[in-house]
2 protein chains.
Amino acid sequence: MQNSVDGGLRERKRAQTSEAIHVAAAELVLERGLEATTIDAVSERADVSPRTFFNYFPSKEDAVLGIDEIAVSAELDRERDYTGDPLAATFDLVYALFEASGGRHAKTALKREVLQKNPQLMTRQMLRVAELEGRLSGILAGWLADDPRFAGGTESELLEEAQVILGICLATVRVSMRRWATNSDGDPGGAPEASAPDPRRSYEQAITSLRTVLEKLS
Amino acid sequence: MQNSVDGGLRERKRAQTSEAIHVAAAELVLERGLEATTIDAVSERADVSPRTFFNYFPSKEDAVLGIDEIAVSAELDRERDYTGDPLAATFDLVYALFEASGGRHAKTALKREVLQKNPQLMTRQMLRVAELEGRLSGILAGWLADDPRFAGGTESELLEEAQVILGICLATVRVSMRRWATNSDGDPGGAPEASAPDPRRSYEQAITSLRTVLEKLS
DNA sequence: CTGCATTATTGCACGATCTGCAAGCTTGCG
DNA sequence: CGCAAGCTTGCAGATCGTGCAATAATGCAG
């Protein structure tokens, strides 16, 4: 057999191909729009056969976003510790997922521009996370069970509460993401980094933003 | 021209066909599963051509859920009054949308069973509402502008807060929907109506459930 | 009732998405 | 080198979804 923690030619090539397809897809979408971009065109630019495209991504949208299903799953299986703050902990979890989901790619700016010009993809990105809801809320429910404020309920009550909290965080993150993607409208290019802040910033803003709203609601 | 508030043969037939397609789709999905159900099969059972299917629903999933885009849009354009409680008002709005979305159909039990056995459709249903997010949050932002607790901010701040609140409500509603769909597991049929409560109930539970969680979080 | 305008249904052709399969090529490793 | 495992590719095929034009059903006015 062979190394599972490779660094071998195979693994490097695979990463290269994946990145090539992702970049080709993102660029083409920027040039022609999402609808007008076909898998055939992406494959051609990435220099692989259309059939190979599907060996890497299950759909055009996933390729554009550069979603790495394996990395996401690995991230979910990691051990995590609970800080005592359900909101903060959930935000951290969701943030880590986004990082794993597409953060490995070099072309963050490219992805941002794509997201900005194709809001449908933002929805899809969130939908993807929503599909992981089962596993996420399970993790969160485990945390809540150790939390004195939530310890009272039955298991299913706990799970529902976890689902609600998770939903709240996801909603906040979505708003935050949208602001992040929109942030550079009409950017004159003076300070290149200032217009494309670390996504991490947006998450921190998201938390405080949510707390503000919650305070006003209560 | 002709009556726009019809009751004429045309309109009745159209409603019939729509219902027939919806029921055929839902039944087939229950029998064979979502994946294994093709548009051709649905069309055949509903006794229309596959081409006609697309004159009524843009996709298989929409047919299964019986989504009526026109009714939804009409519901959105209705005038609404603001009670002073953002959460309650938003819940009402979302609830009305769900009613308009699929509530006209006779076969609520059928739809419920489909949703229960195909959780993917639940996500999709919520996604559909999420696509209306722009219009919904606009309405909500309008309400917030009249609310003393929120009146301070700029227009874009207001809009973001509206988006967050909307997201919170949608998350809660989703949890509530899931409970509604799951509610009758292992139901022995003793009191038939007790196991399939009015969805309205679920929404009321959702509100209190959310408030409970918010209280614990604060 | 009859003809005309509107709208609905349908078949057909077409492009795109996605999957399974088998053949051939590349890489890993002894 | 030579075998095993993995990757790429072409091909066939199912399904989805849309545009177009012919045909049929319906509503209405005369």
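Residues numbered from 1 in each chain as written. Chains lettered and ligands numbered in written order. Predicted model: local features only at pLDDT ≥ 70, side-chain atom pairs only at ≥ 80, totals over all residues. Heavy atoms only, no water.

All names here are of chain A. In the contact formed by helix α9 (residues 133-145) and helix α10 (residues 155-182), the axes pass within 8 Å of each other and the chain directions differ by 115°. With respect to each other, α9 and α10 are oriented roughly perpendicular. Seen from above, α9 lies across α10 with right-handed handedness. Residues Glu133, Leu136, Ser137, Gly138, Leu140, Ala141, Leu144 and Ala145 of α9 touch α10, and the partners they reach there are Leu158, Leu159, Glu161, Ala162, Gln163, Ile165 and Leu166. Looking at the contact of α9 with α10, its residues break down into ten nonpolar, three polar and two charged. (Axes fitted to C-alpha atoms, helices over the stretch in contact; angles between N-to-C directions. Helix = DSSP H or I, 4+ residues; strand = E, 2+ residues; numbered from the N terminus. Parallel < 35°, antiparallel > 145°, perpendicular 65-115°, else oblique. Left-handed = near helix turned anticlockwise from the far one by under 90°. Contact = heavy atoms within 4.5 Å. Nonpolar A, V, L, I, M, F, W, Y, C, P; charged D, E, K, R; others polar.)

This part is about the nonpolar core. Ranked by size, the top nonpolar core spans 125 residues in total, and within it Ile165 of chain A together with Ile165 of chain B carry the most contacts. When neighbours within four sequence positions are excluded, Ile165 of chain B is seen to be in contact with Val213 and Leu217 of chain A together with Pro86, Leu87, Thr90, Leu140, Leu144 and Phe150 of chain B. (Core = buried A, V, L, I, M, F, W, Y, C linked by side-chain atoms within 4.5 Å. Buried < 20%, exposed > 50% of the residue type's maximum accessible area, 1.4 Å probe, protein only.)

Attention now goes to the packing of aromatic side chains. What describes a pair of aromatic rings is the distance from one ring centre to the other and the angle between the planes of the rings. Counting across every chain of the model gives six aromatic pairs over all chains. A centroid spacing of 5.3 Å and a plane angle of 80° characterise the contact between Phe53 of chain B and Phe54 of chain B, whose relative ring orientation is edge-to-face. The class of Phe53 of chain B is buried, set by a relative accessible area of 1%. Residue Phe54 of chain B is classed as partly exposed on the basis of its relative accessible area, which comes to 43%. Measuring from centroid to centroid gives 5.6 Å for Tyr82 of chain B and Trp143 of chain B, while their planes differ by 10°, and the two rings are stacked. Here the residue Tyr82 of chain B occupies a position in the loop between α5 (69-77) and α6 (86-102), and Trp143 of chain B occupies one in helix α9 (residues 133-145), the gap between them amounting to 61 residues. One aromatic cluster in this structure is built from Phe53, Phe54 and Phe57 of chain A. Stacked on the ring of Tyr56 of chain A, the Lys or Arg Arg14 of chain A has its end atom at 4.3 Å from the ring centre. The ring centre of Trp180 of chain B lies 5.7 Å from the NZ or CZ of Arg112 of chain B, which sits over that ring. (Phe/Tyr/Trp six-rings, centres within 6.5 Å; stacked < 30°, edge-to-face > 60°. Lys NZ or Arg CZ within 6 Å of the ring centre and 35° of its normal.)

Over its 13 residues, helix α8 (residues 119-131) of chain B extends 19 Å from the first C-alpha to the last, a length consistent with the 18 Å expected when each residue adds 1.5 Å. Residues Leu121, Met122, Gln125, Met126, Leu127, Arg128, Val129 and Ala130 of chain B constitute the buried set of α8 of chain B. (Expected span 1.5 Å × (residues − 1).)

So, on to the relation of the copies chain A and chain B. Least-squares fitting of chain A to chain B yields an RMSD of 0.1 Å, with the superposition described by an axial translation of 0.1 Å and a rotation of 180°. When the rotation and shift are considered jointly, the pair of chain copies conforms to a two-fold rotation axis. For chain A, the residue whose C-alpha comes nearest the rotation axis is Ile168 of chain A, separated from it by 2.4 Å. (Least-squares fit on C-alpha atoms with pLDDT ≥ 70 in both.)

Residues and elements named next belong to chain A. Considering the arrangement of structural elements, one finds Ser18 in helix α1 (residues 9-32). What makes Ser18 buried here is its relative accessible area of 13%. Ignoring sequence-local partners within four residues, the contact set of Ser18 consists of Tyr56 and Phe57.

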